[in-house]
Amino acid sequence: MTIPPIGMTPDEIMATLRSFKTHDMDWQSGRVFAYVYQPDETAAAVVRDAYMLYLTENCLDPTTFPSIAQLERDVVHMIAGLLQGDAQVAGNVTGGGTESILLAVKAARDWARAHRPHIAQPEMVLSRTAHAAFHKAAHYFGVKPVVVAFDPATFEADVAAMRAAITDNTILLVASAPCYSQGVVDPVPAIASLAQEYGLLCHVDACVGGIYLSFLRKLGYAVPPFDFSIPGVTSLSVDMHKYGYSAKGASVILYRDRALRRYQMFASTDTTGYTLINPTVLSSRSAGPIAGAWAILHHLGEAGYREIVATVQAATERLIAGIRAIDGLFVLGQPAMSMFSFASNDINVFHLADALRRRGWFLQPQFSTPLSPRNLHVSVTYGVAHNVEALLADLAACVDEVRQAPPTDPTLIQTLVSAIARDPSPATITELMATIGLQPGRLPQEMAVINDVLDALPDAVANEIVIDFFNNLY
Ligand SMILES: *Cc1c(COP(=O)(O)O)cnc(C)c1O
């Protein structure tokens, strides 16, 4: 593709873009149980309008656009209050959960440089159920991730294992409320008091749960404690663009106080250029996401969030009961809210995901670990809640379909995995993966066999394969 010599009209542009979308999955009708968090159309329009109103303003310089600083303070204080923080709590709006977590880990590293100067190689202790964003932060900032076991029955972080993993180099303990993968809340009070005992920081990843769980508690559900009401919690991440129902590009990072938040920031007066002061990772960025977050909080209000959470929780309970009633499927751990995963003892759930996809449904495949089986993740949101019965009907039909289909030759997977183990060179891997449909530069339609192989390979090898695949995709 080249830049057209003469530009297209606005109508042509929009018609062309709309035509591109026809090959994407249809989230508008509520059949995608991940990635998309959709409120009702009135609320969605409020977010869109607020976003567009601030599309062009730049967060880079609050002295030029003071209203952006005010919107950001308002969003941070509303979320800090919801998470039971006091007036000392300080924070920022970031571009997403990953950025909030990157910043929490960066702040912890720089806090340790000041307060634990003997540490040359800082470490953070986290359960295998914690989000991959912590591994990304570790990779970016030179912090060593020390991954410990979880309880294979409940999927909660194993606090005794966390204690055993603490060394002289530990700076940070991580807890999830809940973990994305299985929707299980870790024992945050125990992890936070362990952090206090050793003089460590404790980050609670409430990216997906911070807003939802707070309103679930207000509705009278038994929600385990996870927020600033627990003294040892030093930072918290909460995504506005998930169960806050805001537009993508909005999350909140909160610290117990400004002294700790200071380690998040970066400034440079070292160049010939303008004075650069960045609280967050990016520098120039649209104020649209902040305005969208401010708008949805004010539009829904407490009453709106309560109603949405009540609807979504009822749909989740129905879905979990329906899945438990399907022969061969079981739910992993004890999910605390509207997200969970399920596995099967007798059918291959990767094939089940493909069968559902052929009927227009998206559930998210997740790989096995030494303590857990491969499984499918389900996030129930307001925009999909009305489709629970329809999903259950197709799920039951697809389970039968997969059970009756001729199974993939098990030696095929084993032969591929052994061949890659013998010769893990990029050329061999590309050639072998192409035989099962993973071809450079092309998006596969059927994922089951590819996932079978990736799941069977060591994590380090699978990571290289998916990096090479994406490196060839664009
Ligand atoms: C979604 C999520 C993240 C990452 O957030 P992004 O907005 O996708 O960057 C981190 N932790 C948890 C628990 C999440 O659910």
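A short tour of the structure in this document, coming up. As the structure is a computational prediction, the values presented were derived from the model and not from experiment. (Residues numbered from 1 in each chain as written. Predicted model: local features only at pLDDT ≥ 70, side-chain atom pairs only at ≥ 80, totals over all residues. Heavy atoms only, no water.)

**What to know about the pattern of salt bridges**
- Taken as a whole and judged by the stated rule, the model has 18 salt bridges.
- In this structure, Arg359 engages Asp394 in a salt bridge whose closest nitrogen and oxygen atoms are separated by 3.0 Å. With Arg359 in the loop between helix H11 (349-358) and strand E12 (364-366) and Asp394 in helix H12 (residues 388-404), the pair connects residues that are 35 residues apart, well separated along the chain.
- Assessed through its relative accessible area of 18%, Asp394 is described here as buried.
- As a salt-bridge pair, Asp455 and Arg374 come within 3.4 Å of each other at their nearest N and O atoms. Of the two residues, Asp455 sits in helix H15 (residues 448-456) while Arg374 sits in the loop between E12 and strand E13 (375-379), which places them 81 residues apart along the sequence.
- Residue Asp455 is classed as buried on the basis of its relative accessible area of 13%.
- Put simply, Arg358, Arg359, Asp394, Glu401 and Glu446 are held in one network by salt bridges that share partners. (Salt bridge = Lys/Arg side-chain N within 4 Å of Asp/Glu carboxyl O. Helix = DSSP H or I, 4+ residues; strand = E, 2+ residues; numbered from the N terminus. Buried < 20%, exposed > 50% of the residue type's maximum accessible area, 1.4 Å probe, protein only.)

**Digging into a nonpolar patch on the surface**
- A cluster of nonpolar side chains, Met8, Ile13, Met14, Leu17 and Phe20, forms an exposed patch at the surface whose accessible area comes to about 460 Å².
- Summarising the element assignment, Met14 is placed in helix H1 (residues 10-21). (Patch = residues over 30% accessible without salt bridge, like charges linked within 9 Å, V, L, I, M, F, W, Y side chains within 5 Å. Areas by Shrake-Rupley, 256 points an atom, 1.4 Å probe, with all protein chains shown as cover.)

**Observations concerning the site of the ligand**
- Around the ligand lies a shell of 13 residues, among which Gly97, Thr98, Asp205, His241 and Lys242 are the nearest.
- The side chain of Thr98 places a nitrogen or oxygen atom 2.5 Å from an oxygen atom of the ligand.
- Separating a nitrogen atom of the ligand from a side-chain N or O atom of Asp205 is a distance of 2.7 Å.
- For the shell around the ligand, the element with the most residues is helix H4 (residues 97-115), which contributes three residues.
- Split into classes, the residues belonging to the shell around the ligand amount to five nonpolar, five polar and three charged. (Near = heavy atom within 4 Å. Polar contact = N/O pair within 3.5 Å; in protein donor to acceptor, adjacent residues only side chain to side chain. Nonpolar A, V, L, I, M, F, W, Y, C, P; charged D, E, K, R; others polar.)

**Structural notes on the sheet that holds E13**
- Here four strands make up an open sheet; going across it, the order is E10-E11-E13-E12 and the pairing antiparallel. The strands lining the two open edges of the sheet, one partner per strand, are strand E10 (329-331) and E12. Averaged over all pairs of adjacent strands, the angle between strand axes in this sheet comes to 35 degrees, irrespective of strand direction.
- On top of the sheet, H11 reaches E10, strand E11 (339-344), E12 and E13; it is set at about 45 degrees to E13, its chief contact. (Pairing = 2+ DSSP bridges. Axes fitted to C-alpha atoms, helices over the stretch in contact; angles between N-to-C directions. Contact = heavy atoms within 4.5 Å.)

**Digging into the packing of helix H10 (residues 288-324) against H12**
- The geometry of H10 relative to H12 is characterised by a closest axis approach of 10 Å and an angle of 15 degrees between their N-to-C directions. Here H10 lies roughly parallel to H12, going by the angle between them. Crossing of H10 against H12: the hand is right-handed. When H10 is examined against H12, the residues Ala315, Arg318, Leu319, Gly322 and Ile323 are found in contact with a partner set consisting of Val388, Glu389, Leu391, Leu392 and Leu395. (Parallel < 35°, antiparallel > 145°, perpendicular 65-115°, else oblique. Left-handed = near helix turned anticlockwise from the far one by under 90°.)

**Observations regarding the nonpolar core**
- Counting residues in hydrophobic clusters, the biggest one holds 106 residues, and the most contacted among them are Ile79, Met240, Leu319, Phe342 and Leu352.
- With residues up to four places along the chain from it excluded, the contact list for Met240 reads Val75, Ile79, Ile211, Tyr245, Ser246, Ala250, Ser251, Val252, Ala293, Ile296, Leu297 and Tyr305.
- In terms of nonpolar packing, the next biggest core, distinct from the first, is built from 27 residues, Ala108, Met124, Leu172 and Val174 among them. (Core = buried A, V, L, I, M, F, W, Y, C linked by side-chain atoms within 4.5 Å.)

**Observations regarding unusual backbone geometry**
- Cis peptide bonds are those with omega within 30 degrees of zero, and the linkage from Ala177 to Pro178 qualifies with -10 degrees.
- You can see Pro178 is positioned in the loop between strand E4 (170-176) and helix H7 (188-198).
- The backbone of Phe155 shows a phi angle near 70 degrees, a positive value even though the residue is not glycine.
- Here Phe155 is to be found in the loop between strand E3 (144-148) and helix H6 (159-165).
- Phi at Tyr245 is positive, roughly 60 degrees, even though this residue is not glycine.
- Within the fold, Tyr245 resides in the loop between strand E6 (235-239) and strand E7 (251-255).

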